[in-house]
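# Examining the three-dimensional arrangement
If you want the building blocks of each chain, they are given just below.
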Amino acid sequence: MGNDTIGNASVHVLPPLPYAENALEPVISANTINFHYAKHHKGYVDNLNKLIAGTEFAGLPLEKIITETAGKPDKAAIFNNAAQAWNHAFYWRSLSSKGGGEPSADLKQKIEASFGTVDACKKELAAAATTQFGSGWAWLALDGGKLTVIKTGNADSPLAKGMKPLFTIDVWEHAYYLDYQNRRADYVSAVLEKLINWSFAADNLK
Ligand code: MN
């Protein structure tokens, strides 16, 4: 995601937002999206480029940087910035102004095989998102052939655990504090009811 060659140096670029900054209102304000995308997400991409310049990681795709630095304490700064760059690009695409509703038949069948019902899956996602202590993410992911819900702390990603992410919710305070202050559960339930991009999640099954 977001690899460009400028001159001789291969640098990661901030991928464009897939919608206007006000597209997710009233669930997420344009103000939140502006800070979150143009400051936080951009910051991770810029930091990553500084950290990997001239190292063995320069020129590698984000996914490869993430899997090669995961669990290595001396590479934590590179892992954190690479994973946050990836997680945010994935988060924007996990949301849609036309989201909510029901997943497509294929995804629905897969969800029902793992969770019983779509509602039960959403309840697990809400529980993971609200009980993640401190900063982190809640994910719907494919683990082997089965769907699972997990939460990860800080920058950590299902990619680092060999899973394939289908959908994520950012539960760092910067994702919701301007709009919801301490009411993380309200942000999470609004996202799951109105913004969850089931068609993106279904595309990630392929
Ligand atoms: Mn974030």
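The structure under discussion appears in the preceding block.
Remember, it's a predicted structure, so these values are computed and weren't measured experimentally.

Cut-offs and rules
Residues numbered from 1 in each chain as written. Predicted model: local features only at pLDDT ≥ 70, side-chain atom pairs only at ≥ 80, totals over all residues. Heavy atoms only, no water. Helix = DSSP H or I, 4+ residues; strand = E, 2+ residues; numbered from the N terminus. Rg over C-alpha atoms; globule rule 2.2 N^0.38 Å. Buried < 20%, exposed > 50% of the residue type's maximum accessible area, 1.4 Å probe, protein only. Contact = heavy atoms within 4.5 Å. Areas by Shrake-Rupley, 256 points an atom, 1.4 Å probe, with all protein chains shown as cover. Lys, Arg positive; Asp, Glu negative; His and termini not counted. Charge placed at Lys NZ, Arg CZ, Asp CG, Glu CD. Pairing = 2+ DSSP bridges. Axes fitted to C-alpha atoms, helices over the stretch in contact; angles between N-to-C directions. Parallel < 35°, antiparallel > 145°, perpendicular 65-115°, else oblique. Left-handed = near helix turned anticlockwise from the far one by under 90°. Donors = N, O, S within 2.8 Å, 3.2 Å for Na, K, Ca; no water. Expected span 1.5 Å × (residues − 1).

### Regarding the overall build of the protein chain
Counting its regular elements, the protein chain contains eight helices and five strands. For the protein chain, the N- to C-terminal ordering of α and β elements is β-β-α-α-α-α-α-β-β-β-α-α-α. Whereas a compact globule of 206 residues would reach a radius of gyration of roughly 17 Å, the protein chain reaches 17 Å, a difference of no more than 12%. Each principal axis of the C-alpha atoms in the protein chain carries an extent, and together these give about 50 × 40 × 30 Å. A buried classification covers 47% of the 206 residues belonging to the protein chain. Taking the contacts inside the protein chain whose residues are at least 6 apart along the sequence as the reference set, 65% of them involve residues at least 24 apart. Element-wise, carbon and sulfur atoms account for 52% of the exposed surface of the protein chain, whose accessible area totals about 9,600 Å². Across the protein chain, 20 positive and 21 negative side-chain charges occur, with their mean positions spaced 1 Å apart.

### A few points about the sheet that holds strand β5 (residues 164-170)
Spatially, the three strands line up as an open sheet ordered β4-β3-β5, and their pairing is antiparallel. Each of the sheet's edge strands pairs with one partner strand only, and the pair in question is β4 (146-153) and β5. When the angles between neighbouring strand axes are averaged without regard to direction, this sheet yields 20°. Across six bridges, strand β3 (residues 136-143) lies against β5 in antiparallel orientation. Paired with Trp 137 across the bridge in β5 is Asp 170. Contacts between helix α3 (residues 76-94) and the sheet are confined to β3 and β5, with β5 contributing the most and set at about 85° to the helix. Against the sheet, helix α5 (residues 118-131) engages β3, β4 and β5, with an angle of about 15° to β4.

### What to know about the packing of helix α4 (residues 105-115) against α5
Interaxial distance between α4 and α5 falls to 8 Å at its minimum, and their mutual angle equals 70°. As summarised for this structure, α4 and α5 are arranged roughly perpendicular, according to the angle between their axes. Between α4 and α5 lies a crossing whose hand is left-handed. Of the residues in α5, those in contact with Lys 108, Ile 111 and Phe 115 of α4 are Val 118, Ala 120, Cys 121 and Glu 124.

### Some points on the coordination of the manganese ion
Looking at the metal site, the manganese ion is ligated by His 36 (NE2), His 88 (NE2), Asp 170 (OD) and His 174 (NE2), spaced 2.0 to 2.1 Å from it. Within one chain, the residues donating to the manganese ion are spaced in sequence as H-x51-H-x81-D-x3-H. Assessed through its relative accessible area of 0%, Asp 170 is described here as buried.

### A closer look at helix α7 (residues 184-195)
An ideal rise of 1.5 Å per residue puts 16 Å on 12 residues; α7 measures up with 15 Å between its terminal C-alpha atoms. Within the span of α7, buried status applies to Arg 184, Tyr 187, Val 188, Ala 190, Val 191, Leu 192 and Leu 195. Residues of α7 that are buried in the fold lie against α3, α5, β5 and α6 (177-180).

The values reported here are purely geometric and, on their own, carry no functional implication.
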